[in-house]
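Observations on the three-dimensional arrangement
One letter stands for each residue in the lines below.
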Amino acid sequence: MGLQENIDSLGHLINGEIVRNDEFFDVIDPSTGQVGARVPLADVDLLNRAVEAADAALPGWAATPEEERRAAIKKMGATTMEFLGELNELASIEKGNPMGAGEAFVIPGFADHVADSPLPIDVIEENEKRVVRVVRKPIGVIAAISPWNAPILISAEKIFCALAVGNTIVVKPSPFTPLATLKLGLLWKDMLPPGVLNIVAGGDDVGRALVAHPKTRMVSFTGSVAAGKAIAEAAGRQMKNVLCELGGNDAAIVLPDVDVPAVAQEIFNSAFLMGGQVCAAVKRLYVHETIYDDMVSALAGIANATKAAPAAEGGTLVPLVTKPQYERVKELVEDAFANGAKAAAGGNAVTEYGGYFFEPTILTNVAPGMRIVDEEQFGPVLPVMPFSDVQAAVAEANASEYGLCGSVWTNDLDEGARVAAQLECGTAWVNHHADVDPAIPFGGVKDSGIGRSNGQQGLDAYAELQTQIVYATTARK
Ligand code: NAD
């Protein structure tokens with residue numbers, strides 16, 4: 001299939017059919033700033049059709065034997081890789097890099113993990129008098145809303161967990177990156193009964209309608225803190241379950257005993273992965289003063305060898321995915337310079353390709369109180385700060401409304417574990433950062449979110465826990 005045919009085959013997935021309405025919107029290729037594709041744009045009427053279809057499919061899917069549901073999920077995961085080329089072609093347009101669908105490589109692993117995790121029954125008590133157990137039941141129609149940074153992985157994870165428990169789902173991808181997610185709908189539609197999985201491409205208004213619809217019983221949202229708060233508030237009005245995976249401002253703390261070049265490379269990889277557009281990227285770096293200069297120059301050396309440009313021009317750093325995000329990164333860096341920050345590497349937007357590239361940037365002379373330290377940059381910029389007392393570094397790391405992840409780097413594992421345990425965040429690493437694993441719970445504290453994805457906790461997020469108590473006799477003596 002050629003690229004245009006691939007694009008033209010896309011549409012909303014509603015009740016097992018690919019639906020194309022008359023309204024279209026432009027998807028911008030961030031490596032050029034030009035329109036890369038046009039796709040159908042759902043309105044609230046189409047969204048309502050999708051929710052009705054999911055609601056109608058709910059009893060049948062909930063009653064489908066668990067093994068059949070899990071087999072379908074396994075097949076969906078495996079199929080993703082069979083169509084990697086076509087998926088990648090679309091994801092490359094919306095993400096502006098030739099491996100836009102790199103996330104697809106881990107989708108089969110996420111599917112297999114869910115498919116190989118039978119829903120447990122917790123037996124609390126079992127004796128002659130009574131049996132007490134807790135079982136997992138579906139919540140209902142799940143409203144799933146995804147961001148633009150890892151659209152297909154984030155949507156796939158929500159879909160697998162929701163369907164495994166017997167829920168049906170309506171997914172709304174980001175309007176910046178709908179292409180590869182719509183393709184997943186096309187690839188997966190015949191593996192499920194009509195209405196079990198629905199995908200509608202639309203803007204924030206469609207997201208709001210999905211959250212507010214009385215027939216959606218849970219909202220699974222990944223995105224910004226601002227939208228997460230609005231969604232939690234709207235969902236709360238109808239007492240809906242909410243899973244919110246929001247932004248972060250992850251701190252990494254480097255103790256004085258590390259091998260500086262090796263740790264610099266690891267931290268660079270964790271901070272600049274996908275151009276820094278990863279919720280769990282390192283976003284603030286605290287380095288012990290005795291190795292601070294060496295660490296800054298090691299990071300700057302790596303940054304200077306990394307080129308923000310289209311791959312065809314030898315680029316090794318991807319662009320910002322959206323124009324608003326590009327403008328935001330420029331604004332934060334300009335604000336940092338205006339307040340005395342110095343660039344050890346980078347510091348500028350790359351304008352010659354027309355897209356949203358920004359140089360990999362290492363900033364010094366930065367401190368709490370500056371926006372680049374206090375806010376989530378979600379781009380290829382790392383502020384690096386020295387510390388002399390590790391407790392002061394922990395206090396600064398924790399002085400944030402965010403609390404997604406954090407890390408400590410040291411060869412003294414006991415000290416690393418002691419310091420990491422003090423970090424106020426959902427995931428605390430020693431000698432690692434920026435990773436998701438389908439078996440390991442992931443989520444934030446404070447403004448970084450509510451609930452956990454992945455692991456048993458992640459599956460339970462999509463389940464109503466019913467306590468069943470069976471007494472052995474009708475009459476107690
Ligand atoms: P965003 O909040 O602007 O948009 C995310 C999605 O929400 C989009 O589909 C959008 O259309 C929809 N939306 C926006 N407002 C809405 C509303 N009021 N009601 C319903 N839907 C609404 O976020 P973004 O810019 O796409 O994503 C970047 C953010 O996502 C960053 O802050 C990043 O850290 C975060 N993120 C978090 C995780 C995590 O697991 N914690 C993972 C990836 C991204």
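These lines cover the structure that appears in this document, whether it is placed above or below. (Residues numbered from 1 in each chain as written. Predicted model: local features only at pLDDT ≥ 70, side-chain atom pairs only at ≥ 80, totals over all residues. Heavy atoms only, no water.)

1. Digging into the overall build of the protein chain
If you tally the helices and strands in the protein chain, you get 16 helices and 22 strands. In terms of overall size, the protein chain behaves like a compact globule, its C-alpha atoms giving a radius of gyration of 23 Å where 477 residues would be expected to give roughly 23 Å. Here the C-alpha coordinates of the protein chain stretch approximately 75 × 65 × 40 Å along the principal axes. A total of 477 residues make up the protein chain; the buried ones form 57% of that total. The contacts in the protein chain between residues at least 6 apart in sequence include a share of 72% that link residues at least 24 apart. Accessible surface, the protein chain: about 18700 Å² in total, of which carbon and sulfur atoms supply 53%. Counting 36 positive and 60 negative side-chain charges, the protein chain places the averaged centre of each group 9 Å from the other. (Helix = DSSP H or I, 4+ residues; strand = E, 2+ residues; numbered from the N terminus. Rg over C-alpha atoms; globule rule 2.2 N^0.38 Å. Buried < 20%, exposed > 50% of the residue type's maximum accessible area, 1.4 Å probe, protein only. Contact = heavy atoms within 4.5 Å. Areas by Shrake-Rupley, 256 points an atom, 1.4 Å probe, with all protein chains shown as cover. Lys, Arg positive; Asp, Glu negative; His and termini not counted. Charge placed at Lys NZ, Arg CZ, Asp CG, Glu CD.)

2. Focus: the environment of Gly 248
Relative to the helices and strands, Gly 248 is located in the loop between β11 (241–245) and β12 (251–254). In sequence terms Gly 248 and Cys 279 are 31 residues apart; their C-alpha atoms lie 5.8 Å from each other. Leaving out residues up to four positions away in the same chain, Gly 248 has contacts with Cys 279, Lys 283, Glu 376, Tyr 402, Leu 404 and Ser 448.

3. Quick look at the nonpolar core
In terms of nonpolar packing, the biggest core is built from 59 residues, with Met 76, Phe 160, Leu 163, Ile 169, Trp 188, Leu 197 and Tyr 462 touching the most fellow members. Considering every element that reaches this core, the biggest residue donor is helix α6 (residues 151–165), with 10 residues. The contacts of Leu 197, once residues within four sequence positions are left out, are Leu 13, Met 76, Ile 159, Ile 169, Val 171, Trp 188 and Leu 192. (Core = buried A, V, L, I, M, F, W, Y, C linked by side-chain atoms within 4.5 Å.)

4. Details of helix α15 (residues 413–420)
Residues Gly 416, Val 419 and Ala 420 constitute the buried set of α15. Down the axis of α15, the buried side of the element spans an arc of 95°, and every buried residue falls inside it. The secondary structure elements touched by the buried residues of α15 are α14 (390–398), β19 (405–409) and β20 (427–430). (Arc of directions from axis to C-beta.)

5. So, the site of the ligand
The environment of the ligand is formed by 27 residues, the closest being Ser 146, Asp 204, Ser 224, Leu 246 and Glu 376. Interatomic distance of 2.8 Å between a backbone N/O atom of Ser 146 and an oxygen atom of the ligand. Within the side chain of Lys 172, an N or O atom sits 2.9 Å from an oxygen atom of the ligand. With the chains in place, 88% of the 850 Å² that the ligand exposes on its own is no longer accessible. Element by element, the count of residues in the shell around the ligand is highest for helix α8 (residues 204–212), at 3 residues. (Near = heavy atom within 4 Å. Polar contact = N/O pair within 3.5 Å; in protein donor to acceptor, adjacent residues only side chain to side chain.)

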